[in-house]
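Architecture and fold: a report
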Amino acid sequence: MPQYDYDLFVIGAGSGGVRSARVAAQLGKRVGVAEESRPGGTCVVRGCVPKKFLVYGADYGAAIKDAKGFGWNVKDATFSWPVLRDAVQAEVTRLSGVYSNILDKNGADLFRERAEFVDKHTVRLTTSGREITAETILVAVGGRPWAPNLKGAEYAITSDDAFTLETLPERALIIGGGYIASEFAGIFAGLGVETIQAYRGPSLLKGFDDDVRAQVDVIQKNNGIELKFNVSPTEIKKTTGGLIVSFDDGSKIGTDLVFMATGRNPHTAGLGLEKAGVKTDKSGAVIVDEYSQSSVKNIYAVGDVTNRVNLTPVAIREGIAFVETRFKDNPTAYDHSDIASAVFTRPPVGVVGLSETQAREAYGDNITVYATSFKPMKNVLAGKDQKCFMKLITEGKKERVIGIHLVGDDSAEIIQALGICVKAGLTKADFDRTCAVHPTLAEEIVTLTART
Ligand code: NDP
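Residues numbered from 1 in each chain as written. Predicted model: local features only at pLDDT ≥ 70, side-chain atom pairs only at ≥ 80, totals over all residues. Heavy atoms only, no water.

**Quick notes on the side chain of Ser159**
Among the secondary structure elements, Ser159 is positioned in helix H5 (residues 159-162). Note on Ser159: relative accessible area 4%, which makes it buried. (Helix = DSSP H or I, 4+ residues; strand = E, 2+ residues; numbered from the N terminus. Buried < 20%, exposed > 50% of the residue type's maximum accessible area, 1.4 Å probe, protein only.)

See the structure below:
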């Protein structure tokens, strides 16, 4: 008789949890998974996937307008939020089913209940009360939106609510200057909502390259978004005419919807980690080593709950590395450097490696910066002023490429390939001897000249 019910029990059926469970089950391990919501986690249910569909939806609206410059006369184009919302939700439901089938097909048991720790080898399923033991437990519970507790906060929504709105508001106020705020401002504005984005800093996307930030500020304005900088909300009041939001500079904004996109926190409250002796940091994140092992030997954690790099593909890689380490006797630390990523503003941002500021901090004056900004062909006939921007940063005499920053159509697609180049340690000379693909936006990356 085995000592435990399972070799591995995973709490959370999101990207990191499901991948870990599947790979471990394929190795013949006895695997159980608990999920309190729908399988698929944030990415599939209330994040990346439905968000990208909404971005596509918003882009169609812009494309209809742009088409005029290409000879198309599109009459009476109207938009229906319920049609888009319901189509997206139907796809989310299908994908969530795919996630639970993956577990089923590979022989992992899925419990559709919340699980909490009883001790370091035991969890309790909170609906049925059933207790389950496992030799190894993986915490993959992700994160949850966090919002400041200001007066009237109950009138605001977060990204969890945004995908299933009953009706699209006429006016929306989005608080925050990060990924979610900037992406949703672009979505709402593109779907015809009068959108204001209010941020406590002087320019959006803190932590990104300064030139990218400046470009994104312009993108938002070009999309009709009103930007309000250097303000934080202090109170939300409900009136018969809508919501009134007060700010710390004394100003007020009237709106129909307040969307708090003020960050996310690890979802560990009430999980009972202390009963198992698992240490967390002050944000609630499970503290792990490079092998995703917590302070308790048989308990591991991957994904947003560890608050390392909070991206779906990273959680998946951490999960694969965890299985290698724990079940294949092959200690594997996932390398978190040079992860390419995108922000789906409209157009999007694509980034890999260091910003110019980070590069200067790391290499002083021993860096070279190449940059260009130009109007893409498509925007010429569309009659749009929106330019695209590219920046490449190298270090040392050999000019190893250490950072690439793109703002413009298809940046998210292009940066995936450029991420390979940076990860491979390629030099500017390697880029220069690569022939351009013409006419494309991406060809500019192999013809860049140094910024003077
Ligand atoms: P971010 O950390 O990106 O942004 C949070 C924003 O809220 C920041 O602008 C922050 O300001 C602001 N803020 C924080 N506290 C307050 C406050 N008390 N009052 C006013 N403003 C406040 O978080 P998101 O929720 O947008 O995204 C969470 C994570 O999810 C991202 O970091 C990313 O890892 C991931 N994600 C990735 C996406 C992608 O890959 N495309 C898309 C969406 C999310 P300040 O900048 O000054 O700190």
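**Remarks on the pairing of strand S9 (residues 194-199)**
By the criterion of burial, S9 is predominantly enclosed, with 5 of the 6 residues buried. As paired elements, strand S8 (residues 171-175) and S9 share 5 bridges and run parallel to each other. Among the inter-strand pairings, Ile175 is bridged to a residue of S9, identified as Ala198. Here S9 runs beside strand S10 (residues 226-229); their pairing, made up of 4 bridges, is parallel. (Pairing = 2+ DSSP bridges.)

**Overview of the state of the cysteines**
Tallied over the full model, the rule gives 0 disulfides. Note on Cys421: no disulfide assigned, nearest cysteine sulfur contributed by Cys435 at a separation of 15 Å. (Disulfide = S-S within 2.5 Å.)

**As for the nonpolar core**
Ranked by internal contacts, the top residues of the largest apolar core, which has 65 residues, are Phe184, Phe188, Phe259 and Val349. Apart from residues no more than four positions distant in its own chain, Phe188 is found in contact with Leu165, Leu168, Ala172, Ile174, Val193, Thr195, Leu257 and Phe259. (Core = buried A, V, L, I, M, F, W, Y, C linked by side-chain atoms within 4.5 Å. Contact = heavy atoms within 4.5 Å.)

**Side note on the site of the ligand**
Around the ligand sit 20 residues, and of these Gly177, Ile180, Glu183, Tyr199 and Ala342 come closest. Within the backbone of Ile180, a nitrogen or oxygen atom sits 2.8 Å from an oxygen atom of the ligand. Taking Asn310, its main chain carries an N or O atom lying 2.9 Å from an oxygen atom of the ligand. Considering the ligand on its own, with 910 Å² of exposed area, one finds that the protein chains cover 77% of that surface. (Near = heavy atom within 4 Å. Polar contact = N/O pair within 3.5 Å; in protein donor to acceptor, adjacent residues only side chain to side chain. Areas by Shrake-Rupley, 256 points an atom, 1.4 Å probe, with all protein chains shown as cover.)

**Some points on the pattern of salt bridges**
Tallying each qualifying case throughout the model produces 25 salt bridges. Among the salt bridges present, the one from Asp86 reaches Arg85, with a minimum N-O distance of 2.8 Å. Salt-bridge contacts for Glu318 lead to Arg308; the nearest nitrogen and oxygen are separated by 3.3 Å. You can see Glu318 sitting in helix H9 (residues 312-327) and its partner Arg308 sitting in the loop between strand S16 (299-301) and H9, a full 10 residues away along the chain. Among the residues examined, Glu318 registers a relative accessible area of 2% and is labelled buried. What makes Arg308 partly exposed here is its relative accessible area of 27%. If you follow the salt bridges from partner to partner, you end up with Asp209, Asp211, Glu356, Arg360, Lys391 and Arg451 in one network. (Salt bridge = Lys/Arg side-chain N within 4 Å of Asp/Glu carboxyl O.)

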